[in-house]
Amino acid sequence: MGGAERVTANLANYWVHKGWSVCVATLTDAETDFYKLDADIIRVSLNTAVESPTYFLKIRNNLRTLFAVRQLLREYQPDIAIGMMTGASVYLALASRSLPVHCIGSERTHPPICPPSKDWELVRTFSYGYLNAVVALTEKSANWLRGNTNARFVPVIPNPVVWPLPIQPPIRNPAELMREDRKICLAVGRLSIEKGFDLLLAAFSEITHSCPEWDLVIVGKGELYNELQRQIYRMGLQERAYLAGQVGNISDWYKAADLFVLSSRFEGFPNVLAEALASGLPAICFDCETGPSDIIRHEIDGILVPNQDVAALTRNMKKLMTDENMRKKLSSRAVEARQRFSIQKITQMWEEVFEQIT
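All figures in this text were calculated on a predicted structure; none of them were measured in a lab.

Cut-offs and rules
Residues numbered from 1 in each chain as written. Predicted model: local features only at pLDDT ≥ 70, side-chain atom pairs only at ≥ 80, totals over all residues. Heavy atoms only, no water. Axes fitted to C-alpha atoms, helices over the stretch in contact; angles between N-to-C directions. Helix = DSSP H or I, 4+ residues; strand = E, 2+ residues; numbered from the N terminus. Parallel < 35°, antiparallel > 145°, perpendicular 65-115°, else oblique. Contact = heavy atoms within 4.5 Å. Salt bridge = Lys/Arg side-chain N within 4 Å of Asp/Glu carboxyl O. Buried < 20%, exposed > 50% of the residue type's maximum accessible area, 1.4 Å probe, protein only. Core = buried A, V, L, I, M, F, W, Y, C linked by side-chain atoms within 4.5 Å.

### Quick look at the packing of helix 1 (residues 3-17) against helix 14 (residues 343-357)
Between helix 1 and helix 14, the least distance of the axes is 11 Å, while the angle of their chain directions is 80°. With respect to each other, helix 1 and helix 14 are oriented roughly perpendicular. Counted together, Asn10, Leu11, Tyr14 and Trp15 of helix 1 and Ile343, Gln344, Thr347, Trp350, Glu351 and Phe354 of helix 14 form the full contact between these two elements.

Right, dumping it as structure tokens:
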């Protein structure tokens with residue numbers, strides 16, 4: 001369950017409903033799928049994602065994946081093939097050589113923030129020149145790709161928001177943690193260092209006394225669950241801050257909340273932020289290098305604060321928590337995200353790229 005996977009499912013489902021023939025292929029097994037794909041979508045598991053403890057095994061497994069992707073392209077003979085994320089884009093670029101298929105790579109985060117290994121960096125640099133296009137999420141990322149890879153055509157296409165938001169298991173009732181007599185500050189994302197939930201807890205701990213009617217709920221799972229739980233107890237927040245775990249009915253949690261906070265140290269294009277706005281939630285975000293400023297219109301539908309500035313985050317959280325009129329004002333414009341990032345608008349941008357490269 002990640003941003004690229006959600007976008008893949010959203011685009012695939014939209015295009016198959018449009019009458020297109022769509023195949024979704026992954027290196028991993030389909031049993032690990034989280035987002036639901038339409039029954040008419042061809043689902044292929046290449047099963048080449050294995051551990052490579054030695055350099056020899058890395059080379060062997062990469063060649064095995066390249067062969068599997070090339071066989072896939074030969075079998076299905078698609079008009080368009082899209083690589084989602086760096087690895088898939090590189091495999092597609094190399095495996096499609098001399099085949100009659102138009103290939104598009106895509107970067108799902110800001111490339112210099114999460115650089116691959118030196119070997120992959122070199123391969124990406126030259127292999128992107130084989131692709132007909134490489135899609136970036138933001139103009140800043142596009143400019144980096146134009147200047148640091150051989151990519152020939154780099155259009156900018158943000159992620160879509162499917163409205164109403166889809167629902168899939170696990171279904172959990174927000175009332176388990178969100179009491180009706182409490183105001184809720186909500187955060188959503190993988191429990192990992194880049195999401196900055198440790199910073200969010202630090203900010204929230206500073207305003208619990210001045211905002212006694214507010215609780216903090218963090219939805220998501222990840223490797224930092226135990227560490228964040230310890231931080232909650234260390235700060236004495238066990239009655240005010242909660243880790244909800246993974247949920248599939250995230251729309252119900254947005255609906256039950258009063259404020260959304262994105263505390264990420266870095267982002268590509270945070271789907272959860274666009275979803276929160278579409279749900280009518282006012283938002284406060286760290287203005288990390290890319291992402292939030294491409295979604296939030298400062299003081300129109302949300303607030304941007306300097307990246308990783310916990311004091312500024314604290315001040316602005318307190319400001320919105322204590323100003324209901326301000327929250328309502330931001331909320332009234334936040335719902336415009338449903339149109340700004342609608343699946344119809346975003347898929348049209350993709351289809352314009354298809355037309356240009358064919």
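### Points about the pattern of salt bridges
Tallied over the entire structure, the rule returns 19 salt bridges. Residue Glu194 pairs with Arg190 through a salt bridge whose shortest N-O separation is 2.2 Å. A relative accessible area of 40% means that Arg190 is categorised as partly exposed. Between Asp215 and Arg240 there is a salt bridge; the shortest N-O distance is 3.3 Å.

### Comments concerning the nonpolar core
With 35 residues, the main nonpolar core has Leu186, Val217, Val219, Trp253, Tyr254, Phe260 and Leu273 as its most contacted residues. Mapped onto this core, the elements with two or more residues apiece are strand 6 (183-188), strand 7 (214-219), strand 8 (241-245), helix 8 (250-256), strand 9 (259-262), helix 9 (271-278) and strand 10 (283-287). No other element matches helix 9, which puts 6 residues into this core. Discounting residues that sit within four places of it in the chain, Trp253 has contacts with Arg172, Asn173, Pro174, Leu177, Met178, Leu186, Val217, Val219, Ala244 and Val247.

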